[in-house]
Amino acid sequence: MSSHVMQPDASSLPPRSDGLLREPAFPILTLDESRLTPALGYIFRRGWIYPHESLISILWKFETANALSGVVVARLMGLEVDAYEGVAPRRGLVDVGRLQESLGLPADTLRTSLMDPLGSRRYSDVFRYCRRCLALGYHSVVHQLERQSVCPAHHRVLESRCWRCGCEAPYRVNVQLLEARYHCAYCYVSHGGTWTPENAHPMKPEHRRAFTRRYLDCCLR
Ligand SMILES: [Zn+2]
Ligand SMILES: [Zn+2]
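No experiment lies behind these values; they were computed from the predicted model shown.

**Q** Quick one: what's the story with the confidence of the model for the chain, residue by residue and with numbers?
**A** Of the residues in the chain, 80% reach a pLDDT of 70 or more, and the chain-wide mean stands at 83. Scored below 50 in pLDDT, residues 1-37 makes 79 contacts in the model with residues more than four places away or belonging to other chains.

Below, the structure written as structure tokens:
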């Protein structure tokens, strides 16, 4: 890890005092040039987020809902982060306070979306996914846990290699993975995802429980 992507751990910042989503008055994106963050007019609903959803998955939804490019979204990570090299979505490396401000999501949701190598939790360095989850627009931090070989909800073997070109994408918030969204980051073949704000629906309660149980199990063992 090169030193210039290191940032102070902002995970200790207090949650937004009003606890509210900033609802846009108009669905028009305007960029605050000084910070290069969409400060006004973006659309994002807390209900789109599933439990234990990964930061990359959250950012894909944000990107899709607002027709943003991967370059613009990568800049949410901070101007000091090289957008193409990106940053590992890990606690202590990602500035949660900044993201909270940009996305209008609770700090807890954002903290949970990051790798947290506590106890016996070990995470894969490459993007791993369940195709059925991706079809729902969902990727979880649980899918990245090394000891997890199947999806807790669908019991499908987790994949990392593209079925067509065989490439694996590094698990980093960078332009390449942000641009790929539900596709291979190298050959752009679809990996099954079709999420849009119009077809978004809540996670099934049994799936919700399965992810939470798996996440907690991994911490305790
Ligand atoms: Zn799944
Ligand atoms: Zn591919």
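**Q** Before we move on, could you go through the coordination of the zinc ion (ligand 1) and cite the residues and values that matter?
**A** Bound to the zinc ion (ligand 1) are the protein donor atoms C130 (SG), C133 (SG), C151 (SG) and H154 (ND1), situated 2.0 to 2.3 Å from the metal. Taken together, the four donor atoms surrounding the zinc ion (ligand 1) define angles of 103 to 115° at the centre, an arrangement classified as tetrahedral. The motif formed by the donor residues of the zinc ion (ligand 1), counted along the single chain, is C-x2-C-x17-C-x2-H. Remark: C151 occurs in the loop between α5 (131-135) and α6 (175-180) and C130 occurs in the loop between α4 (107-112) and α5; sequence separation between them is 21 residues. Of the two residues examined, C130 and C151, each falls in the buried class.

**Q** So what's going on with the coordination of the zinc ion (ligand 2)? Which residues, and what values?
**A** Every protein donor of the zinc ion (ligand 2) is accounted for by C162 (SG), C165 (SG), C184 (SG) and C187 (SG), and the metal-donor separations fall at 2.3 Å. Of note, the donors binding the zinc ion (ligand 2) are all from one chain and are spaced C-x2-C-x18-C-x2-C. Linking C165 in the loop between α5 and α6 with C184 in the loop between α6 and α7 (205-220), this pair joins segments that are 19 residues apart in sequence. The exposure class of C165 is partly exposed, given its relative accessible area of 33%. For C184, a relative accessible area of 3% puts it in the buried group.

**Q** Tell me what's going on with the pattern of salt bridges, and back it up with residues and numbers.
**A** Applying the stated rule across the entire model yields 11 salt bridges. A salt bridge links R156 to E159, with the nearest nitrogen and oxygen atoms 3.5 Å apart. Taking the shortest distance from any N to any O, the salt bridge between E168 and R161 comes out at 3.5 Å. Residues joined by salt bridges that share partners form a network here, namely E80, D95 and R98.

**Q** Before we move on, can you summarise the environment of V72 with the specific residues and values?
**A** By the element assignment, V72 lies in helix α2 (residues 70-74). As a C-alpha pair, V72 and A83 span 11 residues in sequence and 8.8 Å in three-dimensional space.

**Q** Explain the packing of aromatic side chains to me, and be specific about the residues and the numbers.
**A** Here the structure, examined in full by the defined rule, presents 10 aromatic pairs. Residues Y138 and F211 carry aromatic rings whose centres are separated by 5.1 Å and whose planes lie at 85° to one another, so their mutual orientation is edge-to-face. Placement of Y138 in the loop between α5 and α6 and of F211 in helix α7 is noted, with a sequence separation of 73 residues between them. The exposure class assigned to Y138 is buried, which follows from its relative accessible area of 1%. Among the residues examined, F211 registers a relative accessible area of 0% and is labelled buried. By way of ring pairs, the aromatic residues Y42, F44, W48, F62 and W195 are connected into one cluster. Over the ring of Y50 we find K61, and its NZ or CZ is 4.7 Å from the ring centre.

**Q** Please provide a residue-by-residue account of the environment of S190, values included.
**A** Here S190 is to be found in the loop between α6 and α7. Look past the residues within four positions of S190 in its chain and what remains in contact with it is W163, Y182 and H183. For S190, the side chain forms a polar contact with the main-chain nitrogen of G192, separated by 3.0 Å.

**Q** I'd like a rundown of the environment of R147, residues and numbers included.
**A** By the secondary structure assignment, R147 is in the loop between α5 and α6. Residue R147 is classed as partly exposed on the basis of its relative accessible area of 43%.

Thresholds, definitions, all that
Counting restarts for each chain, with residues numbered from 1 along the sequence as it is written. Labels follow written order: the first chain is A, the first ligand is 1, and so on. Totals for whole chains, interfaces and linings use every residue, but because this is a predicted model, local features are given only for residues with pLDDT of at least 70 and side-chain atom pairs only at 80 or more, for both listing and counting. To obtain the side-chain values, all non-hydrogen atoms of the structure were included, while hydrogens and water were left out. As a per-residue measure, pLDDT tells how confident the predictor is, with possible values from 0 to 100. Between two residues, a contact is recorded if the distance between any of their heavy atoms is within 4.5 Å. For Na, K and Ca the donor cutoff is 3.2 Å, while for all other metals N, O and S atoms must lie within 2.8 Å; water is not among the atoms, so some sites may look incomplete. Sites are called tetrahedral only when four donors show all angles between 85 and 135 degrees, square planar or octahedral only when four or six donors show opposite pairs over 155 degrees and all other angles between 65 and 115, and irregular in any remaining case. Think of it this way: any DSSP run of H or I at least four residues long counts as a helix, any run of E at least two long counts as a strand, and we number them from the N terminus. When a residue's accessible area, from a 1.4 Å probe over protein chains only, is under 20% of the maximum for its type it is buried; when over 50% it is exposed; and in between it is partly exposed. Whenever Lys or Arg places a side-chain nitrogen within 4 Å of a carboxyl oxygen from Asp or Glu, that contact is recorded as a salt bridge. Classification of ring pairs rests on two measures: the distance between centres of Phe, Tyr or Trp rings, Trp counted by its six-membered ring, which must be within 6.5 Å, and the angle between planes, read as stacked under 30 degrees, edge-to-face over 60 and tilted in between. Here, a charge over a ring means that NZ of Lys or CZ of Arg falls within 6 Å of the ring centre while also lying within 35 degrees of the ring normal. Counting of polar contacts relies on pairs of N or O atoms within 3.5 Å, with two restrictions inside protein: one atom must be capable of donating a hydrogen and the other of accepting it, and residues adjacent in sequence are counted only when both atoms are side-chain atoms.

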